[in-house]
Every structure is written in structure tokens, then in C-alpha cells.
Amino acid sequence: MTAEATITTERIDDFPLLLGVAIQLGLPDIFDRYLSRHGNHQGLSWGWIASIWLAHLLIKNNHRKQPVQSWVKQARLTIEKLSGQKVNELDFTDDRLTLLLRRLSEPQTWQAIEKELGQNIIRVYDLETKQVRLDATPVSGYHEGGEESLFQYGYSKDDPTLRQVKVMVAALDPLGLPLVSQVVAGGVADDNLYRPAVDRVLQIINALGLLFVGDSKMSALATRAHIHGLGQHYLCPLAQTGETTKKMEIWVEAANSGVQQLQSVSIENEKGKSVLLAEGYVFERVIQAEIAPENPTADEKRTVEWIERVFVARSESYRKSLLNGLEGRLQRATEKLLALTPPPARGKRQIQSEDELAKAATAILKTHNVSEFLTYAFECQEKRETKYVGPGRGNPNRPTRESVSIRYQITAVAREEELIAAHQKTLGWRAYVSDVAAERLTFEQALLTYREEWIIEHGFHRLKGAPLSLDPLFVKNDDQVIGLTNLLSLAVRMLTLIEFVVRRKLKRNKEKLVGLIENNPKKGIDNPTTERLLKAFDEITLTVVHLPNQVIQHLTPLTTLQTRILELLGLSAATYTRLAEN
């Protein structure tokens, strides 16, 4: 009687590649250095649990803890061969993963991990460290919140009706690699997050003259003074509040009146045509500010003074957007004003007092923010009717009475063209400030540098949307929220590095990868996204046939494209092929 063969199949896809990158980064060792084992801890170390879970997160696009255990069970042989560790599915129970997140939520532990990892990445991948971009993003969730909870209401472009937490990130340009991340309550003001982020970056990059780029919330004088006082530099737009609003009127008038000579900045569009990006001018001013002493116990603050350059610029696309918005508001307000007083008809309510008309018209103008640009004319219309008193037919001797009905009619809506034209000249202007000298940062370079703010936004999109899907959060306790966000920020680092390393080598080799575009497989590209690269490894399986006296393992053969991607990442084909070794 012949014994039956037992066949098992493990779907591995891009898991070996992702785990290989995690090992390149030194993640298992770094985690183990700062996440010590409890005396009763059995099985895999925290470093291997975290690294394997990271790869699972990127494969499945799912940060829930529950599916991890069953996935590890079906991929156990692959994980053991790649990691060299004995794996038990109980290493990935919900309780074990919860404990990992709790450990990653500890500020001292997480900052130590980030510091060593950041230094390791910069050294291993020989990254340029000249410019760091800072920004915060909200992450919403259907959480109850509470006075002590991280989940609070706050400003959000996503969904302001939901409670949120806030994630502050400092990312290394030009690749957008997160260096530090911090999770805070959703109601915390962004202004207070920049200085701690700068200080933590400088623990990773020990250098002077870094350029920190941020949005208008970084422009607080205390933040600028702090960065300058550390021997670093800043570039950010001024917030349109307080004194800046009044100064902007003067600066814009200087541009429109010809007092200041304007410089233009152009870029090349997709069709290779030069188009105007912005125009403006730059001037210098002296800034003074008090900064706190480095020693927290000292009482005296010191005053610092420096030369700041102000870049007054009008973005062409922003100007056109505001012009279109203004014209739309004018048209909508005009239509609503005319519709206020419809002709008398059944069901058409009429305005019967001047006060009522003025109140309704003012509300429309205010809603559309066009009060000074539109005026309206109206008239009072009276209708007199003579009616018999009482029921019955009329006759010459029957008493009568006269009734008067009054309605107000808007007869015309006029545009104040001179005021509109004057206002249009003020649209699209912003002021950016920096303490970088002119020889290092020209007017054009300043605008182009800030324009690259999408770099850090790309990381936010990956974190909150596909493939990591942090928003919405499927953990509730604050420590798990912080721990999971920190873990997923490591996944963003991996995605960013894979993309950067492949693109850098392709450009250096003047090479293009063919076969990545499904609907055009013959087209070669030298700027693939990580998502596209990982998709090229779909449908790779490891089949294991168990015979009475033999075990046969078969791996889906790697294609030329897959082998080349591994080479570009500094990984060999053996990352996969060794899985089939008996």
C-alpha cells in the first residue's frame, strides 16, 4: 500500500523582500536592544515579532492584530527559513502583539529606537542630510474620547466631526523619509510640536546648518528663534494673522505699485513648455527674540538677533484659483439676491419691509464674502384695491374700504468693478521667511523648496490610506494607538527607502525597468513606486510535498524583472531561492 503525499502551499509574494529590507535596516537587533524580554518570555524576541508583523502589515494592508496569528501559521516554514528562528504561531497572539504596542508607546524606548534606526539608515544608504521637512496630520476615529484621552476634537481637513489624534513627523528631504514621529492628543496646537521635533532630529543628525522647512504653523517667532539659536536654519510661510496681516498689505502694495522690482519663477510642465510659477521680491529685516536658556534651572533668557529674509511671492496657480473663487461667489450672491424678491405668485413669499430686505440681503453678501463688491437697488411697490364691506353683491349705496399691499422688489445688482479690480491685485500673495543667506538660498530656490511640501504629504497618504490604512484606527486604548502609529511609521520608512534606493540606482545606471505597467508591459520606467515594485512579486508560492521518506519543496521561479528588483535593493535571488532548498 502506497502512503499518500501531503501537500502544503504557502503564499509568500513580497514577504521575503520586505523581511530582507527589515534585516538590512537592522530592525530585529535594534528592537531587541531596547525591548528587553521579561523573565517568562518564551519564543521569538520582540525584534523578530515586530519585523515579521511589519512585513505582514505591508502585505495585507491591514493593521488589525487578529489575522496575524493565522497568517503566521500558514507561512511558518517561510518565516523560519528567512529568519533562522524557530517560529510558533503563539508568538503572534493578540495579547503578545498588544504587549508589543504597549512597549512601543513608551516615549523613552521609542525615541531610542528612532535615534539608532535613523542613524543606521543614513549611514547604510549614504543619505544626504541637508534639509528636513516638518508637518503634522490628524488621524480620525470613531472613539468616545474623554478628558484624559488622546482622542479630542480639533481642526481637521479630513473629518472635523470626528475625534482625532495628531501625528507630528520630521522627514528627511528629498526622499521624504520619516526621522521622528510623535503622537499627541487631537486638540493640541501644532505650534508646540515643532521645537521638540527639531531637537529630536538633531539627536539623529549631529550637524550645523540644517534647513528645517515647515508650514505657517512653524512661523511662530519662538520656533524660528529656537531653530536659529541652535545654529540651524528655517524656511516657512508667515501665518496671516496679527501684525503680519497689516504688513502684507504694505508688501503687496509695494509690488503692485512698482516700488519693488519683481522676479519671476517658471517651471516646465508635462508638455515641456515653460509656465509661470510665481513672481515676487525679497528683502531683509532684523529680527530680535528671547530664547530660553539651555539649562532648565537658569532663570535668565537671552536675546538673539539675526538677519531674516522675507520672500513676498504671488503664486500664479493660487492666484487663478482665488480669482475663480471670487468670481463664483459674486455670481452666486447675485443670483441669490435677485431670487430674494420673486414676482407675486401662488406660494411665493414676498418681503414686506425694508428692514427684512436689508437683513436678508446682508446675510447673502456676508455668506459669500462679497459685501464690499456688490450693491443692489430696490423699490417699494404698492397695490391698492377697493373692496365692498361684508358679503353679498355690491351696489352704489354699499360701503367700501381700500386695502393696500406692500412688497419690496430688488431691481438691479451692481458690481463695484474698481473695488473688485483692486482686490484682485492682492490675491495669491504669501510671505515666506528664512534666515539662510542669499548665496545659499535664492528667491527661486526658496519657492521651489517650499513647493516640494507634497513630499511629506506622500508619506501621510501612505500612513492613513493605502497601503497602511491607519485611518480608521482599529485599536482603542491610548497606549495601543501610540504604539501602532509608531510601528506603522516604520513601515512608511521601509516603503520610502525601497522606492528611493531603486530610483537612485536606476538613474545612476541610466536604466529603466520593463514590465511594471500592466496595461503597457513593454514600457520602461525609472521612477517606479514601492507599491508597483511590490506588486511585481504577486503570485509567488512555496509548495511543500511531504512523502514518507522525503520532503520536496518547490518555489515559483523568479522572473528576470523580480531578480533585477532584488539586485537594485541590494538583495540576492537567494532571498527567495533558498526557500526551495531541501
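This section reports on the structure supplied with the text.

This part covers the sheet that holds strand β5 (residues 211-213). One open sheet accounts for 9 strands, arranged β4-β3-β2-β5-β6-β12-β9-β8-β7; its pairing is mixed. The open sheet terminates on both sides in strands that have one partner only, identified here as β4 (177-185) and β7 (263-268). The average undirected angle you get between the axes of adjacent strands in this sheet is 25°. Examined bridge by bridge, strand β2 (residues 131-141) and β5 share 3 bridges and lie parallel to one another. In the strand pairing of β5, Q131 is matched with L211. Helix α7 (residues 107-124) contacts β3 (163-172) and β4 of the sheet and is inclined by roughly 165° relative to β4. Helix α10 (residues 243-256) rests against β8 (274-291), β9 (302-315) and β12 (429-434) of the sheet, and its axis sits at about 105° to β12.

Time to look at unusual backbone geometry. A cis geometry characterises the amide bond from D173 onward to P174, with omega recorded as 5°. In this structure, P174 sits in the loop between β3 and β4. Residue P467 is bonded to the preceding A466 through a cis peptide linkage, with omega at 10°. One can find P467 in the loop between α15 (454-464) and α16 (478-509). Even without being a glycine, S469 presents a positive backbone phi close to 55°.

A few words on the pattern of salt bridges. Counting across every chain of the model gives 32 salt bridges. Across the pair D215 and K217 runs a salt bridge, and its minimum N-O distance is 3.0 Å. Looking at D215, the relative accessible area reads 12%, which means it is buried. Of the charged contacts in the structure, one is a salt bridge between R503 and E499, with a shortest N-O distance of 3.9 Å. Note that R503 and E499 are positioned in helix α16 at a spacing of 4 residues, about one turn of the helix. One network of salt bridges, in which partners are shared, links K166, D190, D215 and K217.

What follows deals with the environment of K320. If you trace the backbone, K320 turns up in helix α11 (residues 316-339). Classification of K320 by relative accessible area gives partly exposed; the value is 45%.

This brings us to helix α8 (residues 194-204). If you check which residues of α8 are buried, you get Y194, A197, V198, R200, V201, L202 and I204. In this structure, the buried side of α8 is in contact with α7, β2, β3, β4, β5 and α9 (221-229).

For the rest of this paragraph, the subject is the side chain of N62. Relative to the elements of secondary structure, N62 occurs in the loop between α3 (46-60) and α4 (66-74). Of note is the side chain of N62, whose polar atom sits 2.9 Å from the backbone nitrogen of R64. Those residues in contact with N62, other than ones at most four positions away along the chain, are H56, L57 and P67.

What follows deals with α9. If you check which residues of α9 are buried, you get T223, R224, A225 and I227. Looking at the packing, one finds that the buried side of α9 touches α8, β5, β6 (233-237), β8, β9 and β12. Residue G231 follows α9 closely and has a positive phi angle near 85°.

On to the environment of Y432. Of note, Y432 is situated in strand β12. Between the C-alpha atoms of Y432 and E518, which are 86 residues apart in sequence, the distance is 43 Å. Apart from residues no more than four positions distant in its own chain, Y432 is found in contact with L235, C236, P237, L238, R309, V310, F311, A313, L447 and Y450.

Tracing the chain through its elements places E80 in helix α5 (residues 76-83). Here E80 is in contact with Q85, K86 and V87, once residues within four sequence places are set aside.

The next point concerns the nonpolar core. Judged by nonpolar contacts, the single largest core of 137 residues is most densely connected at L17, L179 and I565. Ranked by the residues each element gives to this core, the list is headed by α16, at 15 residues. Setting aside chain neighbours within four positions, we find L179 in contact with E114, I122, V132, A170, A171, L172, V201, I204, I205 and R493.

Calculation rules
- Counting starts from 1 at the beginning of each chain's written sequence and moves along it residue by residue.
- In keeping with the model being predicted, local features are shown solely for residues with a pLDDT of at least 70 and side-chain atom pairs are shown and tallied solely at 80 or more, while totals for entire chains, interfaces and linings include all residues.
- Hydrogens are left out, water is left out, and the side-chain values use all remaining heavy atoms of the structure.
- Here, strands pair whenever DSSP counts at least two bridges between them.
- In this text, helices come from DSSP runs of H or I with a minimum length of four residues, and strands from runs of E with a minimum of two, each type numbered from the N-terminal end.
- Axes here refer to lines fitted to C-alpha atoms; in helices the fit is confined to the stretch in contact. Angles between the N-to-C directions go from 0 to 180 degrees.
- Any two residues whose heavy atoms approach within 4.5 Å at even a single point are treated as in contact.
- Salt bridges are identified by distance alone: a Lys or Arg side-chain nitrogen within 4 Å of an Asp or Glu carboxyl oxygen.
- With a 1.4 Å probe rolled over the protein chains alone, any residue whose accessible area is under 20% of its type maximum counts as buried; one over 50% counts as exposed, and the rest are partly exposed.
- N or O atoms closer than or at 3.5 Å make up a polar contact, with two conditions inside protein: a donor-capable atom paired with an acceptor-capable one, and, for residues adjacent in sequence, both atoms drawn from side chains.
- Side-chain atoms within 4.5 Å link the members of a nonpolar core, which is a set of buried Ala, Val, Leu, Ile, Met, Phe, Trp, Tyr and Cys residues.

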